[in-house]
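Observations on the model geometry
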Amino acid sequence: MKIKTKLRLGLGILFLMILALSLIAARYVYLLKEDTENILQNNYKTLDYSRSMFLAIDGIHTDPGAWTKFEQNLKDQESNVTERGEGDVTRKIAGHYASLKADPGSEKLPVLIRNDLAELTLINMKAIQAKSDKALTTAQAAFLWIALTGTICFLIALTLLVNLPGNIGNPIRELTESIRAIAEKKYAERLHFSGKDEFGELARSFNSMAEKLEEYDNSNLSQILIEKKRIEALINNMHEPVIGLDENKNVLFANEEAIKIMGIAAGDLLGKSAVDLARQNDLIRVLIQEEQSLNGSSGHPASAALKIYADEKESYFEKEIVDIAILPTGERSKKFIGQVILLKNVTPFKELDFAKTNFIATVSHELKTPISSIKMSLQLLESSQTGAVNEEQQQLISSIKEDSDRLLKITGELLNMSQVETGNIQLNIQQSSPYDILKYAVDAVKTPLEQKHIELVVEADDRLPDVKADMEKTAWVLINFLTNAVRYSQEESKIHIHVTDSGQGIKFLVQDEGKGIDSRYRSKIFDRYFQVPGSSKSGTGLGLAISKEFIEAQGGSIGVVSEIGMGSTFYFELAKA
């Protein structure tokens, strides 16, 4: 039976029962109305006429109008005969009244009339009782039929309430679960609706679709296996380690290079939890820690190269994590399904970098000796003991002195940078006074400040606590900031130094009135060998890079705030002692 037919049949039966209930109630209400109306219209009038004639017969000898009143009520009663025997009694009353009218002095006739009126009253009282009993019977029958019909309506409505939602909702629920199973590629799912209604037709169509999908899936399984083997071959033939994790950090795949550097057999690695493996393998633990710190972005390289013992030597690898997310069919948001960890072997580049660093360190160190000899010779030439020099010779000596100073500064920066690159920074961190660091730096730049007539404004908070710092290297950074500020400031301008307590540490700021730094270059200002385009090329581009390494090696922070035309403010902050 069709669903539409079921709905029409159930609701139609319920409608018919409600209509039958209404008709039965209306019929019995009508019958009760008829019974009560007969009592009121017929018997009640007769009783009223009888009462009036009783009163009239009692006053017939004292009230002349009683005769007229009795005759009028007797006439009305004669036209209101409704019960059996009521007509005979009425005629007897009329005959006795006629005899009384002929013989007004008779004492027997009024008694006979009263007896007739009593009999008439008794007949109507019995009729009223019979009609009352009939009305009661009608009411009881009405109650019975209405209760019976209402019970049947209630049972039908209850049956529809219990069964109809289930007949419609249960197949829809089963259909929804089956569709969800098909969406999860469970193509063996089937619907079992045996009826011939719309759900039965839907089940047959659904099962036909599922069979075709299952057949299609089975036919593509071999192709999928071939593609899987092809991907595995590509990953295994890569010369750099590759590791794949699912969304639960279980190892999905790892090529031979990855297995080699981790020192774990493939059977003990694949399918296992990377978190559990990290408890026994230091390399995996480092990878997991890196992954957790970098989680949330896609394609992000590690901040530093990993040193791993591989190929019977120490090798260096840069790690890159690629988050894999897909957009499932029929959905709007992407779903995270895992990550791929790529380890790029940068050992050859590291070796070249070490060679470059060692070469620079060697050359810089070797250059310091002849430069020192040149400066010593210049001091001897300037001495009066070696003889007087003319003005042109003095200019040559000054020029050679400036060049040797610049060469000495460059070699010093190159040596510092080689220490930074090799990780051999020698720090003497101790409790240092910020006022001593400030004084050391200010004294070192007095000469260039006087040459350009620049006013140095120093503002330092009172009673600043000591800082944990290498005083020599921290003063070198502050001198570098001041030297740059002097270089890029106009003559007769101002340079401000602020030393304040930021709450977290002690902050040193150097603010100049130069042309400022374009926002495009601010992020690169602390890179090695970087110089702002259009600026003076007198330096090496290493000063700020070395400053950054010195401050961060002491656990501090460094930065710059600058806008074009508004000058620049370089700052660094060190922890309190």
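Residues numbered from 1 in each chain as written. Predicted model: local features only at pLDDT ≥ 70, side-chain atom pairs only at ≥ 80, totals over all residues. Heavy atoms only, no water.

Focus on the overall build of the protein chain
Rules: Numbering of helices and strands runs from the N terminus; a helix is a DSSP stretch of H or I covering at least four residues, while a strand is a stretch of E covering at least two. Residue exposure (1.4 Å probe, protein chains only): buried if accessible area is under 20% of the type maximum, exposed if over 50%, otherwise partly exposed. A contact between two residues is defined here by any heavy atoms of the two lying within 4.5 Å. For the accessible areas, the method is Shrake-Rupley and the probe is 1.4 Å, while residue cover comes only from the protein chains on display.
Looking only at helices and strands, the protein chain has 15 helices and 13 strands in total. The buried share among the 577 residues of the protein chain stands at 34%. When contacts within the protein chain are restricted to residue pairs at least 6 apart in sequence, long-range pairs at least 24 apart make up 63% of them. For the protein chain, the exposed surface amounts to about 35,100 Å²; the carbon and sulfur share of it is 56%.

Here's the deal with helix α4 (residues 108-183)
How we decide: By definition here, a helix of n residues has an expected span of 1.5 Å times n minus one. Two axes define the bend at a residue: one fitted to the seven residues ending there, one fitted to the seven starting there, and the bend is the angle between them.
Helix length check: α4, at 76 residues, gives a terminal C-alpha distance of 111 Å against a target of 112 Å (1.5 Å per residue), a fit within 8%. Along its length, α4 reaches its greatest deviation from straightness, about 25 degrees, at asparagine 167, and the proline proline 171 lies no more than four positions downstream.

Concerning the pattern of salt bridges
The condition that has to hold: The term salt bridge refers to a pairing of a side-chain nitrogen on Lys or Arg with a carboxyl oxygen on Asp or Glu at a separation within 4 Å.
Counted according to the given criterion, the structure contains 18 salt bridges. A salt bridge links lysine 446 to aspartate 443; the nearest nitrogen and oxygen atoms lie 3.5 Å apart. Note on aspartate 443: relative accessible area 35%, which makes it partly exposed. Residues glutamate 552 and lysine 548 are paired through a salt bridge, measuring 3.0 Å at the closest nitrogen-oxygen approach. In this pair, glutamate 552 and lysine 548 both sit in helix α15 (residues 543-553), 4 residues apart, roughly one turn of the helix. A relative accessible area of 38% places glutamate 552 in the partly exposed class. Several salt bridges share partner residues, and in doing so they unite Lys92, Asp116 and Glu119 into one network.

What to know about a nonpolar patch on the surface
Counted only if it meets this: A residue counts toward a patch only above 30% relative accessible area and without a salt bridge, and it is joined to like-charged neighbours within 9 Å or, for Val, Leu, Ile, Met, Phe, Trp and Tyr, to nonpolar neighbours within 5 Å.
Together, Phe154, Leu155, Leu158, Leu161 and Val162 give the surface a local cluster of nonpolar side chains, amounting to about 510 Å² of exposed area. In this structure, valine 162 sits in helix α4. A relative accessible area of 55% places valine 162 in the exposed class.

Things to note about the packing of helix α12 (residues 434-444) against helix α14 (residues 471-487)
How we decide: Fitted lines through C-alpha atoms give the axes, limited to the stretch in contact for helices. The angle between two N-to-C directions lies from 0 to 180 degrees. By definition in this entry, angles of less than 35 degrees are roughly parallel, angles greater than 145 are roughly antiparallel, angles of 65 to 115 are roughly perpendicular, and the rest are oblique. By definition, turning the near helix anticlockwise from the far helix through less than a right angle yields a left-handed crossing, and turning it clockwise yields a right-handed one. We call Asp, Glu, Lys and Arg charged. Ala, Val, Leu, Ile, Met, Phe, Trp, Tyr, Cys and Pro are nonpolar, and the rest, Gly among them, are polar.
Two numbers describe how α12 lies on α14: the axes approach to 9 Å, and their chain directions differ by 45 degrees. In terms of their interaxial angle, α12 and α14 are classed as oblique. Between α12 and α14 lies a crossing whose hand is right-handed. On the side of α12, the interface is formed by Asp436, Ile437, Leu438, Tyr440, Ala441, Val442 and Ala444, while α14 contributes Met471, Thr474, Ala475, Leu478, Ile479 and Leu482. Grouping the constituent residues of the contact of α12 with α14 by class yields 11 nonpolar, 1 polar and 1 charged.

Some remarks on the packing of aromatic side chains
We apply this condition: For this analysis, a ring pair means two rings from Phe, Tyr or Trp (six-membered ring only for Trp) whose centres lie within 6.5 Å, classed as stacked if their planes differ by under 30 degrees, edge-to-face if by over 60, and tilted for the remaining angles. Comment: the charge-over-ring label is applied if NZ (Lys) or CZ (Arg) is within 6 Å of the ring centre and within 35 degrees of the ring normal.
For the structure shown, the criterion picks out 8 aromatic pairs. When the ring of tryptophan 67 is compared with that of tyrosine 97, the centres are 5.9 Å apart and the planes differ by 50 degrees; the resulting orientation is tilted. Taken together, the positions of tryptophan 67 in helix α2 (residues 65-78) and tyrosine 97 in helix α3 (residues 86-102) put the pair 30 residues apart, joining distant regions of the chain. Over the ring of phenylalanine 550 we find lysine 473, and its NZ or CZ is 5.6 Å from the ring centre. One residue, lysine 507, lies across the ring of tyrosine 571, its end atom 4.6 Å from the ring centre.

A short note on the sheet that holds strand β12 (residues 557-562)
Definition in use: When DSSP finds two or more bridges between two strands, those strands count as paired.
Spatially, the 5 strands line up as an open sheet ordered β8-β10-β11-β13-β12, and their pairing is mixed. Edge strands, defined here as strands with exactly one partner in the open sheet, are β8 (455-460) and β12. Averaged over all pairs of adjacent strands, the angle between strand axes in this sheet comes to 15 degrees, irrespective of strand direction. Across 6 bridges, the pairing between strand β10 (residues 494-501) and strand β11 (residues 505-511) is antiparallel. Each residue of the ladder has a partner; that of histidine 496, found in β11, is glutamine 511. Along the sheet, α14 contacts β8, β10, β11, β12 and β13 (568-575); its crossing angle with β13, the most-contacted strand, is approximately 175 degrees.

Examining the confidence of the model for the protein chain
What counts, and what does not: A score from 0 to 100, pLDDT tells how confident the predictor is in each residue.
Here the protein chain shows a mean pLDDT of 81. Residues at 70 or above account for 86%. Confidence, expressed as mean pLDDT per element, reaches its minimum in the protein chain at strand β3 (residues 300-301) with 48 and its maximum at β11 with 95. Segment residues 291-299 is flagged for pLDDT under 50; beyond a separation of four residues in sequence, or across chains, it makes 19 contacts in the model.

Concerning the environment of proline 448
With respect to the element layout, proline 448 can be found in helix α13 (residues 446-451). Assessed through its relative accessible area of 29%, proline 448 is described here as partly exposed. Sequence separation of proline 448 and arginine 487 is 39 residues, and the distance between their C-alpha atoms is 8.7 Å.

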